[in-house]
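As a plain string of letters, each chain reads:
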Amino acid sequence: MTDLGPLIPRNREAHPDAYDPAYKTSVARSPYLPLLSMESGLSEETGPTFGHSKLGVLDNNLILNWTKGAAPAVGERILMHGRVVDENNRAVPNTLVEIWQANAGGRYRHKKDTYLAPLDPNFGGCGRTLTDENGYYQFLTIRPGAYPWPNRGNDWRPMHIHISVYGHSFGQRLITQMYFEGDPLINHCPIAATIKNRSQLDRLVAPLDLASSRPLDFLAYKFDIVLRGRRQTMFENKLEGM
């Protein structure tokens with residue numbers, strides 16, 4: 001496997017603070033000592049990677065993939081789609097994108113989720129796909145429901161979908177969330193509020209995309225994922241954006 005060299009260190013100034021008292025569990029989970037930045041090694045820089053042969057035909061169709069097409073999931077059908085690009089809007093092809101989410105009632109298929117909403121026997125809540133040569137990805141799924149969580153007296157998580165993006169090696173991974181345009185709970189969520197810069201929070205909100213919606217079938221939401229990327233163009237003898 002080709003050695004692409006050391007990974008670019010994470011810019012932690014662009015991340016929200018790990019400690020935020022309004023987000024109750026962050027108090028115990030946040031580090032108290034300064035973080036250490038370690039150089040990447042061969043295992044982080046070269047692999048393992050994900051092969052095309054591992055994908056199933058329904059892996060990016062959460063409406064059908066849990067029952068292998070035998071019965072569809074219940075809920076509002078939506079298309080989640082977009083591109084994975086670097087900071088110069090260049091496509092990042094052949095990149096693994098994974099998602100997981102609650103069902104239409106706001107409940108996860110997990111033994112520790114005790115919310116009163118019912119489980120959908122035809123919805124597993126997870127999927128995966130690879131970006132094409134233009135960096136494009138898409139998932140056909142169900143709009144997830146909002147749900148309460150034991151943070152303060154009456155906190156609710158907005159409708160959201162969790163996203164994981166792998167780069168060219170094991171050490172390159174981004175985990176984020178996608179919210180939905182117009183959801184009033186975004187402005188009341190302590191987790192979303194850890195992002196103090198409103199423009200950064202807005203980048204996690206997918207706008208409604210009627211042009212890509214299918215009449216009498218599903219609404220579409222467009223969510224582009226922008227990465228820094230190691231293959232940046234050199235500019236005046238330095239990496240752009242550094």
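This structure is a prediction, so every number in the text was calculated from the model and none was measured. (Residues numbered from 1 in each chain as written. Predicted model: local features only at pLDDT ≥ 70, side-chain atom pairs only at ≥ 80, totals over all residues. Heavy atoms only, no water.)

**Q** Describe the UniProt feature "domain: Protocatechuate 3,4-dioxygenase beta subunit N-terminal" (unreviewed entry) in the chain, listing the residues and the values that go with them.
**A** Taken from the UniProt record, the annotation "domain: Protocatechuate 3,4-dioxygenase beta subunit N-terminal" (unreviewed entry) applies to residues 9-39. The span residues 9-39 is 19% helix and 0% strand, and its two end C-alpha atoms sit 8 Å from each other. (UniProt positions renumbered as here; feature names shortened; annotations may be inferred. Helix = DSSP H or I, 4+ residues; strand = E, 2+ residues; numbered from the N terminus.)

**Q** So, the nonpolar core: which residues are in play, and what are the values?
**A** Formed by 38 residues in total, the largest nonpolar core has its most connected members in Met 80, Tyr 137, Ile 163, Met 178 and Phe 223. Looking at this core, the elements that each hand over two or more residues are β1 (77-86), β2 (96-101), β4 (136-142), β7 (160-166), β8 (173-180), β9 (205-206) and β10 (219-222). Setting aside its immediate chain neighbours within four residues, Met 80 contacts Ile 99, Tyr 137, Gln 138, Phe 139, Ile 161, Ile 163, Met 178 and Tyr 221. (Core = buried A, V, L, I, M, F, W, Y, C linked by side-chain atoms within 4.5 Å. Buried < 20%, exposed > 50% of the residue type's maximum accessible area, 1.4 Å probe, protein only. Contact = heavy atoms within 4.5 Å.)

**Q** Just give me the short version of the packing of aromatic side chains, but keep the residues and values in it.
**A** As enumerated under the stated definition, the model contains 5 aromatic pairs in all. Where Tyr 108 meets Tyr 147, the ring centres are 5.5 Å apart and the plane angle is 75°; that geometry is what we call edge-to-face. Linking Tyr 108 in the loop between β2 and β3 (126-130) with Tyr 147 in strand β5 (residues 147-149), this pair joins segments that are 39 residues apart in sequence. Each member of the pair, Tyr 108 together with Tyr 147, is buried. Seen in terms of ring centroids, Phe 180 and Tyr 221 are 5.0 Å apart; in terms of plane orientation they differ by 85°. Their pairing is edge-to-face. (Phe/Tyr/Trp six-rings, centres within 6.5 Å; stacked < 30°, edge-to-face > 60°.)

**Q** Describe the pattern of salt bridges, listing the residues and the values that go with them.
**A** Scanning all chains against the criterion turns up 9 salt bridges. Among the salt bridges present, the one from Glu 76 reaches Arg 143, with a minimum N-O distance of 2.9 Å. Taken together, the residues span a long stretch of sequence, with Glu 76 in the loop between α2 (42-46) and β1 and Arg 143 in the loop between β4 and β5 at a distance of 67 residues. Take Glu 76: its relative accessible area is 36%, and that puts it in the partly exposed class. Residue Arg 214 pairs with Asp 217 through a salt bridge whose shortest N-O separation is 3.3 Å. With relative accessibility at 49%, the residue Arg 214 sits in the partly exposed group. Linked by salt bridges that have partners in common, Arg 77, Arg 214 and Asp 217 make up one network. (Salt bridge = Lys/Arg side-chain N within 4 Å of Asp/Glu carboxyl O.)

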